[in-house]
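Each chain is listed here by its residues.
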Amino acid sequence: MSTQADTAVAPAAPGAAVRAAAPPAVPADAAPPGTAAPGVAPGTAAPGTLAPAAPRDRTAPAARPARRPVRVLGRWLRAAALRSAALLALLTVWETAPRLGLVDATFLPPVSEVAVAWWELLGNGQLGTHVSASLVRSFGGFGIAVAVAVPLGLLIGWYRPVAAFLGPLLEVFRNTAALALLPVFVLLLGIGETSKVSIVVYACVWPILLNTISAVSNADPTLVKLARSMDLSTPRLFQKVILPASVPAVFTGIRLAGAVSILVLVAAEMIGAKAGLGYLINASQFNFAIPEMYAGIVTISAIGVAFNQLLVTVERRLSVWRVPS
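The structure reproduced in this document is the subject of the present report. Residues take numbers from 1 onward in each chain, read along the sequence in its written order. Local features are withheld for residues below a pLDDT of 70 in this predicted model, meaning they are given only at 70 or higher, and side-chain atom pairs are given and counted only at 80 or more; totals for whole chains, interfaces and linings count all residues. Note that water and hydrogens are dropped before the side-chain values are worked out from all heavy atoms of the structure.

1. As for the overall build of the protein
Note the following rule: Only runs of H or I of at least four residues qualify as helices and only runs of E of at least two qualify as strands under DSSP, and these elements are numbered from the N terminus. Residue burial is assigned from relative accessible area. The probe radius is 1.4 Å, only protein chains are included, and a residue is buried under 20% of its type maximum, exposed over 50%, and partly exposed in between. In this analysis, two residues are considered to be in contact whenever any of their non-hydrogen atoms come within 4.5 Å of each other. In these tables, accessible area is a Shrake-Rupley quantity obtained with a 1.4 Å probe, and a residue counts as shielded only by the protein chains included in the view.
If you tally the helices and strands in the protein, you get 12 helices and 0 strands. For the protein, the N- to C-terminal ordering of α and β elements is α-α-α-α-α-α-α-α-α-α-α-α. Buried residues in the protein amount to 30% of all 325 residues. Partitioning the intrachain contacts of the protein with sequence separation of at least 6 by distance along the chain shows that 69% fall at a separation of at least 24. Summing over all exposed atoms, the protein offers an accessible surface of approximately 21,400 Å²; the carbon and sulfur share of this is 68%.

2. Let's talk about the environment of Val162
Mapping Val162 onto the fold places it in helix H6 (residues 160-174). The exposure class assigned to Val162 is partly exposed, which follows from its relative accessible area of 24%. Spatially, the C-alpha atoms of Val162 and Leu152 are 9.9 Å apart, while their sequence positions differ by 10 residues. The contacts of Val162, once residues within four sequence positions are left out, are Leu155 and Ile156.

3. What to know about unusual backbone geometry
Its identity as a non-glycine residue notwithstanding, Phe288 has a phi of 60°, on the positive side. Looking at where Phe288 falls in the secondary structure, it is placed in the loop between helix H11 (277-286) and helix H12 (290-318).

4. Things to note about the nonpolar core
Here is the rule we go by: Nonpolar cores are built from buried Ala, Val, Leu, Ile, Met, Phe, Trp, Tyr and Cys residues. Side-chain atoms within 4.5 Å join them into one set.
Among the nonpolar cores identified, the biggest contains 28 residues, and Phe142, Ile199, Val205 and Leu209 are the most heavily contacted of them. Counting residues per element, the ones that place at least two in this core are helix H5 (126-158), helix H7 (182-189), helix H8 (193-217), helix H10 (234-271) and H12. At 12 residues, H8 tops the list of elements feeding residues into this core. Every residue in contact with Phe142, bar those within four places of it in the chain, is listed here: Val200, Cys204, Ile254, Ala257, Gly258, Ser261, Phe307 and Leu311. Counting 16 residues, the second-largest nonpolar core is a separate cluster that includes Val114, Leu277, Leu280 and Ile281.

5. A word on the pattern of salt bridges
Our working rule: For salt bridges, the criterion is a side-chain nitrogen of Lys or Arg within 4 Å of an Asp or Glu carboxyl oxygen.
On inspection of all chains with the given rule, the structure shows 4 salt bridges. Glu193 is paired through a salt bridge with Arg137; the nearest N and O atoms lie 2.7 Å apart. With a gap of 56 residues between them, Glu193 in helix H8 and Arg137 in helix H5 connect regions that are remote in the sequence. Judged by its relative accessible area of 43%, Glu193 falls in the partly exposed class. By relative accessible area, Arg137 is classed as buried at 6%. The shortest N-O distance in the salt bridge between Arg137 and Glu269 comes to 2.7 Å. Placement of the pair is Arg137 in helix H5 and Glu269 in helix H10, with a sequence separation of 132 residues. Judged by its relative accessible area of 1%, Glu269 is buried.

6. A closer look at a positive patch on the surface
To keep things clear, this is the line we draw: Think of a patch as exposed residues, more than 30% relative accessible area, with no salt bridge, where like charges cluster within 9 Å and nonpolar side chains (Val, Leu, Ile, Met, Phe, Trp, Tyr) cluster within 5 Å. Under this rule, positive means Lys or Arg and negative means Asp or Glu; His and the chain ends count for nothing. Positions of charges follow a simple convention, taking NZ of Lys, CZ of Arg, CG of Asp or CD of Glu.
A surface patch of like charges, here positive, comprises Arg68, Arg71, Arg75 and Arg78. Following the sequence through the fold, Arg75 ends up in helix H3 (residues 60-99).

7. A closer look at the packing of H7 against H8
Put simply, the test is: Lines fitted to C-alpha atoms define the axes here, with helix axes fitted over just the stretch in contact, and angles between the N-to-C directions of these axes take values from 0 to 180 degrees. Angle categories: roughly parallel below 35 degrees, roughly antiparallel above 145, roughly perpendicular from 65 to 115, and oblique for all the rest. Put simply, a crossing is left-handed when the front helix is turned counterclockwise from the back one by less than a right angle, and right-handed when it is turned clockwise. Side-chain classes are defined by residue name, with Ala, Val, Leu, Ile, Met, Phe, Trp, Tyr, Cys and Pro counting as nonpolar, Asp, Glu, Lys and Arg as charged, and the others, Gly among them, as polar.
Look at H7 against H8: their axes get within 9 Å of each other, and the N-to-C directions meet at 140°. Classified by the interaxial angle, the pair formed by H7 and H8 is oblique. Crossing hand, H7 versus H8: right-handed. Facing Leu182, Phe185, Val186 and Leu189 of H7, the residues of H8 in contact are Thr194, Ser195, Ser198, Ile199 and Tyr202. By residue class, the composition of the contact of H7 with H8 is 6 nonpolar, 3 polar and no charged.

8. Some words on the packing of H11 against H12
The N-to-C vectors of H11 and H12 enclose an angle of 160°; their axes lie 8 Å apart at closest approach. Compared by their axis directions, H11 and H12 come out roughly antiparallel. As for how H11 packs across H12, the hand of that crossing is left-handed. The residues of H12 that touch H11, namely those facing Leu277, Leu280, Ile281, Ser284 and Gln285, are Glu292, Met293, Gly296, Ile297, Thr299, Ile300 and Ile303. Split by residue class, the contact of H11 with H12 holds 7 nonpolar, 4 polar and 1 charged.

9. Quick notes on the side chain of Glu95
Counted only if it meets this: N or O atoms within 3.5 Å of each other form a polar contact, as long as, within protein, one can give a hydrogen and the other can take it, and as long as residues adjacent in sequence are counted only when both atoms are side-chain atoms.
Examined against the element boundaries, Glu95 turns out to sit in helix H3. Of the polar contacts made by the side chain of Glu95, one reaches the backbone nitrogen of Val111; its length is 3.2 Å. For Glu95, the contacting residues outside a window of four places in its chain are Pro110, Val111 and Ser112.

10. Structural notes on a nonpolar patch on the surface
Together, Leu87, Leu88, Leu90 and Leu91 make up an exposed nonpolar region whose accessible area comes to about 370 Å². By the element assignment, Leu91 lies in helix H3. Given a relative accessible area of 32%, Leu91 falls into the partly exposed group.

11. Section: the side chain of Ser138
Here Ser138 is to be found in helix H5. For Ser138, the side chain forms a polar contact with the side chain of Ser261, separated by 3.2 Å. Residues contacting Ser138, with those up to four places away along its chain left out, are Val200, Ser261, Ile262 and Leu265.

Written out as structure tokens, the structure reads:
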């Protein structure tokens with residue numbers, strides 16, 4: 001009895017057999033790839049571990065750049081539609097008003113008839129001849145005016161004795177209309193090309209000159225004093241301070257002069273010329289070719305808009321240093 005009692009095995013603790021029979025636990029991170037840890041539902045992380053990162057969508061980055069050109073194109077189309085809305089409205093009224101009898105179609109033909117007349121003038125070469133003659137005169141006088149007025153404006157705006165000496169003379173001539181002096185130019189220079197180019201020069205000088213003088217006179221005195229404290233010479237001062245600060249105002253005068261050069265030339269060509277847009281408009285009026293007359297007027301407007309846009313582009317290139325507002 002005692003031997004059996006000594007050799008008897010003590011009863012095991014509750015649950016010991018279960019623990020002995022259970023397989024060893026496998027860590028969740030040791031599970032083979034593509035399989036879930038024991039006791040964990042597929043697609044979920046084991047308790048106490050981080051959830052696996054979702055696979056990256058390889059198609060998302062490629063789709064983002066494709067949206068940017070579409071947005072840019074949409075903004076450009078909206079801006080173009082906004083800018084052209086007023087022009088399209090004008091053309092619509094111009095086309096419908098004569099056809100509905102609101103105005104006399106004899107004196108204001110529909111814009112479609114004007115377009116047909118413009119195309120015929122372009123086809124037979126008359127429009128090209130008149131446009132080239134006007135552009136040579138207008139741009140020639142405009143270029144001479146820029147070459148004369150900008151240096152003179154810098155000189156007058158910087159040196160006060162020069163401004164005091166030439167000030168009264170400038171006030172007299174700038175208040176005299178260019179067309180009022182047209183007969184004087186014709187009498188002194190004849191009815192040839194010289195008088196027409198000279199009247200354009202005279203008309204274009206004043207906007208450029210006055211804006212240049214104002215730009216130099218109103219230069220920031222703090223910048224000027226700072227440049228002088230750095231011992232900059234006068235040419236370097238003009239190059240580094242005066243000219244960059246004067247670009248916006250000078251180009252305002254240049255753009256005004258560009259419009260004046262075309263308008264004054266047309267008036268001069270109506271008086272004495274054998275070619276040019278002014279001559280075309282005047283001759284069409286005398287011959288009662290009203291659509292051709294409006295075709296010449298539309299051509300002048302298109303040239304003025306294109307020339308102004310060219311000057312705006314040049315101004316932006318020369319003033320890239322400006323901070324956009």
